[in-house]
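Summary of structural features
Spelled out, the chains give:
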Amino acid sequence: MKFMKLGSKPDAFQSGGADVRSVVSDLATDVIVHIGEVKFYLHKFPLLSKSSKLQKLVLKATEKGTDDIHIDDLPGGAKGFEICAKFCYGMVVTLSPHNVVAARCAAEFLGMTEDMDKGNLIFKIEVFINSSILRSWKDSIIVLQSTKALLPWSEELKVVGRCIDAIASKTSVDPANVSWSYSYNKKGVACTEIIEPAGKTSVAPKDWWVEDLCELDVDLYKRVMVAIKSKGRMSPDLIGEALKAYAVRWLPDSYDALVADDYMRRNQCLVETIIWLLPSDKSSGCSCRFLLKLLKVAILVGSGDHVKEELMRRISFQLHKASVKDLLLPAASPSEGMHDVHLVHNLVQRFVARTALSHNGDFVEKSDEKMIELNFEQESTLALGELVDGYLSEVAADPDLEFSTFVELATAVPEAARPVHDGLYYAVDAYIKEHPDINKADKKKICSLIDVKKLSTDACVHATQNDRLPLRVVVQVLFFQQLRAGSSSVPAPTDGGEHACAKPVQEQSEHCERRIPRHPNKLDKQVTSLSARGEGEDRHVELRGGRSSFKDQVVGRNSFKDQVVGRNSFKDQLGGLLLQSRSRRIFDKLWSSKGHGENGKGSETSGSSQSPPSTAKPTEVKPSPLPPLRNRRYSVS
């Protein structure tokens, strides 16, 4: 820290209490200067020789026949006036970064210019500021902080502007020439120069100035950062790091402190200032986590819509880099639930619209740069799908989450973002578990979001044991398991045919499979338990048409073959493979259990739906049509 001593006479000021100052002298004092509540007993001659303002005030007091002079609006107050008075007496005065602004403003008010006396106080202070203060990094910050209490004088005297320019220029200094003696004082050596002496090899980091600026008030910090950005020498990433450090320094961590009435306005101003200072490059500079934290704070402190809009626009560029915890934004009102799912839905829509990907898988571009760009977009889309599924699993526990809101967010993700539906399956299961009163139509709709063909093996096992799922979904899972089991028994063609295993999908499913509990039961045991479940549900089925057979009531014109695999035969669908006889017996047992009514007068199923004799050869067995699900006249949950 720099100091400057003025005068040579010893300090003869003494204090006569908290509000009295006087000069020890053989001559009696002849003027009393009132600065606020403090009285200064002084002599007229030393004051009149250096201050034009005091000349006028003493003249007026003499005309009124009094020795009292009252100054209520002196910048710097009693401390500033005492420095000026001591300088008039020629006493030793020590100027430092802490008092130089008060002395400068007081000297300006009192008119202590060169016209009154050569080498007057204003000239001395200006020399000290320009030659020492503005050349020191730490002193410039201290002086800038002290200017706020002396506005508008410090602004009119350009002390604020000069300090800001000096600080902004020093942030662009090569880190190799910067001392570690400020925020990064690892050596514990006090140093006031920004340039290190030769011979030292330590190099400061690029962000050496970030922590020091965090001590500034928000309005001064804003002006300094604007000056730094205007020079164009600072990278957006470093600007973002500085804003993050300032937010961590001043934004409270607790919710109560954030929304307290005494600090609500300050926090709101702070957030809006940081957002206004964000780098112009919306795709870099600040991490998605930091932007989402700002958005959360902006919601809590009640910032304007334009602030939230700016943050959402920036977040939409890098939403795929966020985490589920970052997206748990509080709802604007308690009636909307715990989390603002609508806002997250808006962010997802913006991200999808911005990427505008084509998921056909045909890359016609031959440029290597274009291929890298497309691969990056694919990775970001996959990350988005995993993020949304994880978020849905978290917010599904909210009992106030509306069904339509859940479905809208689940469908906002493009199909290419979900090569594996395990995450979506768990989200749907969590929602059904938390909302047991959901009606059958909504349950069917929400389960239709899941593509059973994109479930991993363990997810299928979990689904077949899940009593919360509709029976129709469980049957589809079982049937697909049989198809996959049959397909896996045939070696994949070497030419990449339609039976080749989709390895990328399996790799994508590894993360989801870790969340699925392993179960030792075989698939046939699961189907047996499912069959017993179906028998219990059929007790509530109302038979229509008297003693009509189960075939007449359930089986429509379309067969189970048409419903599941289309009009192509099983042979065409499976490449010549037939269902195993054991699997056919399981399905026959499942559907035959549907033919019993409440009074035990169930109709008999047709002979074509029964399993063939065990002596029949597997190659001669043909799959029999089973009742299509869409023509059943009763509903299953």
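Treat the numbers as computed from the prediction; the structure is a model and nothing was measured.

**As for a positive patch on the surface**
A contiguous patch of positive charge, built from Lys-53, Lys-56, Lys-60 and Lys-64, is present on the exposed surface. Tracing the chain through its elements places Lys-64 in the loop between helix H2 (52-63) and strand E6 (68-71).

**Focus: the pairing of strand E5 (residues 38-42)**
Covered by surrounding structure in E5 are Val-38, Phe-40 and Leu-42 only, the residues Lys-39 and Tyr-41 on the alternate face being uncovered. Looking at chain direction, strand E3 (residues 20-23) and E5 are connected through three bridges and run parallel. Residue pairing for E5: Ser-22 is matched across the bridge by Tyr-41. In this sheet, E5 lies alongside strand E4 (residues 31-35) in antiparallel orientation, the contact comprising five bridges. Bridge pairing in E5 links His-34 to Lys-39. Between E4 and E5, which pair antiparallel and follow one another directly, the connecting turn spans two residues, one of which, Gly-36, has a positive phi of 70°.

**Quick notes on helix H17 (residues 341-355)**
Between its first and last C-alpha atoms H17 spans 21 Å; for 15 residues at 1.5 Å apiece the expected length is 21 Å, and the two agree. When we look at burial in H17, the residues that qualify are Val-341, Leu-343, Val-344, His-345, Leu-347, Val-348 and Phe-351.

**Points about the pairing of E3**
One ladder, built from three bridges, connects strand E2 (residues 13-15) with E3; its direction is antiparallel. Bridge pairing links Phe-13 to Val-23 in E3. If you look at the hairpin formed by E2 and E3, you'll find four residues sitting between the two strands, and Gly-17 has a positive phi there, around 130°.

**What about helix H13 (residues 264-276)?**
Here H13 contains 13 residues, and its C-alpha end-to-end distance of 18 Å stays within 8% of the 18 Å for a straight helix at 1.5 Å per residue. Among the residues of H13, those classed as buried are Asn-267, Gln-268, Leu-270, Val-271, Thr-273, Ile-274 and Ile-275. Those residues of H13 that are buried lie in contact with helix H10 (218-231), helix H11 (236-250), helix H12 (255-258), helix H14 (288-300) and helix H15 (305-315).

**A closer look at the pattern of salt bridges**
Counting across every chain of the model gives 19 salt bridges. With a shortest N-O distance of 3.8 Å, Glu-82 and Arg-21 are connected by a salt bridge. With Glu-82 in helix H3 (residues 77-89) and Arg-21 in strand E3, this pair connects stretches of sequence that are 61 residues apart. Using a relative accessible area of 18% as the deciding quantity, one classes Glu-82 as buried. Each of Asp-11, Arg-21, Glu-82 and Lys-86 takes part in salt bridges that share partners, so that together they form one network.

**Side note on the layout of surface pockets**
Taken as a whole, the second largest pocket encloses approximately 450 Å³ of empty space. If you trace the second largest pocket, you find 20 residues lining it, with Arg-289, Lys-293, Leu-294, Lys-296 and Val-297 closest to the centre. Sorting the residues of the lining of the second largest pocket by element identifies H11, H12, H14 and helix H16 (324-327) as the ones contributing at least two each. If one sorts the elements of the lining of the second largest pocket by residue count, H14 sits on top with eight residues. Taken together, the residues of the lining of the second largest pocket sort by class into 11 nonpolar, two polar and seven charged.

**What about a negative patch on the surface?**
A cluster of acidic residues, Glu-211, Asp-237, Glu-241 and Asp-281, forms a negative patch on the protein surface. For Asp-281, the location among the structural elements is in the loop between H13 and H14. For Asp-281, a relative accessible area of 33% puts it in the partly exposed group.

**As for the environment of Pro-436**
Looking at the secondary structure, you find Pro-436 in the loop between helix H20 (422-434) and helix H21 (440-447). Look at Pro-436 and you get exposed, because its relative accessible area is 60%.

Reading the values: the criteria
- Residues numbered from 1 in each chain as written.
- Predicted model: local features only at pLDDT ≥ 70, side-chain atom pairs only at ≥ 80, totals over all residues.
- Heavy atoms only, no water.
- Patch = residues over 30% accessible without salt bridge, like charges linked within 9 Å, V, L, I, M, F, W, Y side chains within 5 Å.
- Areas by Shrake-Rupley, 256 points an atom, 1.4 Å probe, with all protein chains shown as cover.
- Salt bridge = Lys/Arg side-chain N within 4 Å of Asp/Glu carboxyl O.
- Lys, Arg positive; Asp, Glu negative; His and termini not counted.
- Charge placed at Lys NZ, Arg CZ, Asp CG, Glu CD.
- Helix = DSSP H or I, 4+ residues; strand = E, 2+ residues; numbered from the N terminus.
- Buried < 20%, exposed > 50% of the residue type's maximum accessible area, 1.4 Å probe, protein only.
- Pairing = 2+ DSSP bridges.
- Expected span 1.5 Å × (residues − 1).
- Contact = heavy atoms within 4.5 Å.
- 1 Å grid on protein atoms, 1.4 Å probe; cavity = no way out; pocket = protein on both sides within 12 Å on 5 of 7 lines; lining within 4 Å.
- Points joined across faces, edges and corners; volume = space filled by probe spheres on them.
- Nonpolar A, V, L, I, M, F, W, Y, C, P; charged D, E, K, R; others polar.

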